[in-house]
Amino acid sequence: HKYQDLTGRILSLLNRYRLPIRECMLSTMFSASAAGAASRCLRKRPSLPLRLWNRVLSSAPPSLPPVSKIPAVPPPNLKIDPRAVSSPYFDVRNAPPPRKRRTDRRASAAQSLEDQLADAPDLPSDAAPASLSESATASDEDPASDSDAESAAEEEEFLDLARLRAERTVTAVPLPDRLTVPRLPSLFATGPTEAVELPARVFGLDEPRPDLLHRYVIYQRNKKRGRRVHAVTKTISQKRGSGKKMRPQKGGGTARAGHKRPPHWRGGAKAHGPKGGVQDYTTKLNKKVRRLGLRVALSQKLKEGNLVLVDDLKAPSFKTGALAKALRKMDIGTKYGGSTAFMVGGEKADPNLQVACRNIYGIRHVAQLGLNVYDILKHEKLILSTEAVEKMEARLG
């Protein structure tokens, strides 16, 4: 009687899906120890006639429905659970069945073994449904309860959704056609665009490297934190002042105070301050790794379609309104529901453009030496000038 509930679960699966089950398939539904014990128990003292049980064990397992379009394999450094339905690499063959309601489980457990065998159709040993969806359709044709019909409809809807998500693939322009991009004459002047070929050494890396980008961002943030040398603060014992009690212990309605040098008082000591040593937060990252990180970030922006090339990245005026109006035509600017932008100029940053974008949230402008991975990842759009591309090709290529 120890595995009577397990036997009932197996028979309820047989009755619900109209599927034959082999003995070796028990290990896929239950744990190895429970499956072995159940199979031994059913072989010694079967709960159903031996003839029917041998026919069930000798039947072939159901074949899975064919998938029309298999999603791309994720890179080895990107860990994604294949059971996640929201993942673009979700596979229909790994789709878990929807959970049954408690009322359905109680109804199936209450049904006797004889009733389950009476409802199950006689299947030959070499015949099996082609897929779960076909078995669900066959069960719909038979007279069944409302709960079984709802469960079959939910399973069919789940499988349809899983197939749609499995067929969803992220497409990008393949190389080397991706390196040919249009170039705008300016942010403010509307004119004809011309096609420009970007260097493949800098913008032609197709493989994503999130591990490398993470190392670069950690290195950049630690370097911004900096290095502090010989900073000293005074403790209570070093602070000037007597140890006289400032006020009576009780009766004043205020907090007790033993002296006038506590850290939370004005003119008092500093709690847990630096003691004169060197506080260095910077970390080391090789120059070749930093260059590779920049090339990976630039290539990913081009692959996403968020790279904008401008011939002359200069502003005629320092007025913020003129720049905001020009960027709004390109769907850039968070005030009107647009995206953020990181603009990289030539050898020197344009002073008018720096002043104009200072009052626009999500817009930043730097010279070509200020190009970094952190700002590329932080902003959605990357706007490069022709001079910046030439300088980057000479520096990173």
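Residues numbered from 1 in each chain as written. Predicted model: local features only at pLDDT ≥ 70, side-chain atom pairs only at ≥ 80, totals over all residues. Heavy atoms only, no water.

(A) Here's a closer look at the sheet that holds strand 5 (residues 307–312). Strand order in the open sheet made by the 6 strands is 2-1-5-8-6-7, with mixed pairing throughout. Each edge of the open sheet is held by one strand with a lone partner, namely strand 2 (194–197) and strand 7 (363–366). For this sheet, the mean angle separating the axes of adjacent strands, direction not counted, is 30 degrees. Bridge analysis of strand 1 (residues 180–186) against strand 2 gives 4 bridges, and the strand direction is antiparallel. Across the sheet, Thr180 pairs through a bridge with Glu197, a residue of strand 2. In the packing of helix 15 (residues 386–396) onto the sheet, the strands contacted are strand 1, strand 5, strand 6 (341–344) and strand 8 (381–385), and the crossing angle to strand 8 comes to about 85 degrees. (Pairing = 2+ DSSP bridges. Helix = DSSP H or I, 4+ residues; strand = E, 2+ residues; numbered from the N terminus. Axes fitted to C-alpha atoms, helices over the stretch in contact; angles between N-to-C directions. Contact = heavy atoms within 4.5 Å.)

(B) Layout of the side chain of Arg295. By secondary structure assignment, the location of Arg295 is in helix 11 (residues 287–304). No salt bridge is formed by the buried Arg295. Its closest oppositely charged neighbour is Glu207, at 11 Å. Within the local environment of Arg295, its side chain forms a polar contact with the backbone oxygen of Arg201, the two atoms lying 3.5 Å apart. Sequence-distant contacts of Arg295, that is, excluding residues within four places in its chain, are made with Arg201, Val202, Leu205 and Leu396. (Buried < 20%, exposed > 50% of the residue type's maximum accessible area, 1.4 Å probe, protein only. Lys, Arg positive; Asp, Glu negative; His and termini not counted. Salt bridge = Lys/Arg side-chain N within 4 Å of Asp/Glu carboxyl O. Polar contact = N/O pair within 3.5 Å; in protein donor to acceptor, adjacent residues only side chain to side chain.)

(C) The pairing of strand 7, seen in detail. One ladder, built from 4 bridges, connects strand 6 with strand 7; its direction is parallel. The residue of strand 7 that forms the bridge with Val344 is Val366.

(D) Local environment of the packing of aromatic side chains. As enumerated under the stated definition, the model contains 1 aromatic pair in all. Here Tyr216 and Tyr219 contribute two aromatic rings whose centre-to-centre distance is 6.2 Å and whose plane-to-plane angle is 75 degrees, an arrangement assigned as edge-to-face. Here Tyr216 and its partner Tyr219 are both found in helix 10 (residues 210–225), 3 residues apart, which amounts to about one turn of the helix. There is no split in this pair, since Tyr216 and Tyr219 are both buried. Sitting over the ring of Tyr336, Arg328 keeps its end group 3.8 Å from the ring centre. (Phe/Tyr/Trp six-rings, centres within 6.5 Å; stacked < 30°, edge-to-face > 60°. Lys NZ or Arg CZ within 6 Å of the ring centre and 35° of its normal.)

(E) Helix 12 (residues 320–329), seen in detail. Within helix 12 the residues assigned to the buried category are Leu323, Ala326 and Leu327. Across the axial projection of helix 12, the buried residues extend over an arc of 95 degrees, all falling on one side. The outward face of helix 12, more than 90 degrees from its buried face, is lined by the exposed residues Gly321, Lys325 and Lys329. In this structure, the buried side of helix 12 is in contact with helix 13 (351–356) and strand 7. Where helix 12 ends, the next residue or the one after it, Asp331, has phi of about 60 degrees, a positive value. (Arc of directions from axis to C-beta.)

(F) Just the packing of helix 11 against helix 15, in detail. In contact at an axis separation of 11 Å, helix 11 and helix 15 are set at 140 degrees when each is read in the N-to-C sense. Judged by the angle between their axes, helix 11 and helix 15 are oblique. Crossing geometry of helix 11 relative to helix 15 is assigned as left-handed. On the side of helix 11, the interface is formed by Arg291, Leu294, Arg295 and Leu298, while helix 15 contributes Met392, Arg395 and Leu396. Of the residues that constitute the contact of helix 11 with helix 15, the class distribution is 4 nonpolar, no polar and 3 charged. (Parallel < 35°, antiparallel > 145°, perpendicular 65-115°, else oblique. Left-handed = near helix turned anticlockwise from the far one by under 90°. Nonpolar A, V, L, I, M, F, W, Y, C, P; charged D, E, K, R; others polar.)

(G) Up close: the nonpolar core. Formed by 32 residues in total, the largest nonpolar core has its most connected members in Phe203, Leu298 and Leu384. Elements supplying a minimum of two residues to this core: helix 9 (200–203), helix 10, helix 11, strand 5, strand 6, helix 14 (373–378), strand 8 and helix 15. Among the elements that line this core, the one with the most residues is helix 11, at 6 residues. Discounting chain neighbours no more than four positions away, the residues touching Phe203 are Leu179, Leu198, Leu298, Ser299, Leu302, Leu307, Leu384, Val389 and Met392. Grouped together as the second largest cluster of nonpolar side chains are 16 residues, Val310, Ala341, Met343 and Cys357 included. (Core = buried A, V, L, I, M, F, W, Y, C linked by side-chain atoms within 4.5 Å.)

(H) Representation of the pattern of salt bridges in the model. Considering all chains together, one arrives at 7 salt bridges under this definition. A salt bridge links Lys303 to Asp206; its shortest N-O distance comes to 3.1 Å. One end of the pair, Lys303, is in helix 11; the other, Asp206, is in the loop between helix 9 and helix 10, with 97 residues separating them in the sequence. The residue Glu347 makes a salt bridge to Lys391 at a minimum N-O spacing of 3.4 Å. In this pair, Glu347 sits in the loop between strand 6 and helix 13 while Lys391 sits in helix 15, placing the two residues 44 residues apart along the sequence. Of the residues examined, Glu347 reaches a relative accessible area of 42% and is grouped as partly exposed. Exposure remark for Lys391: the relative accessible area of 34% places this residue in the partly exposed category.

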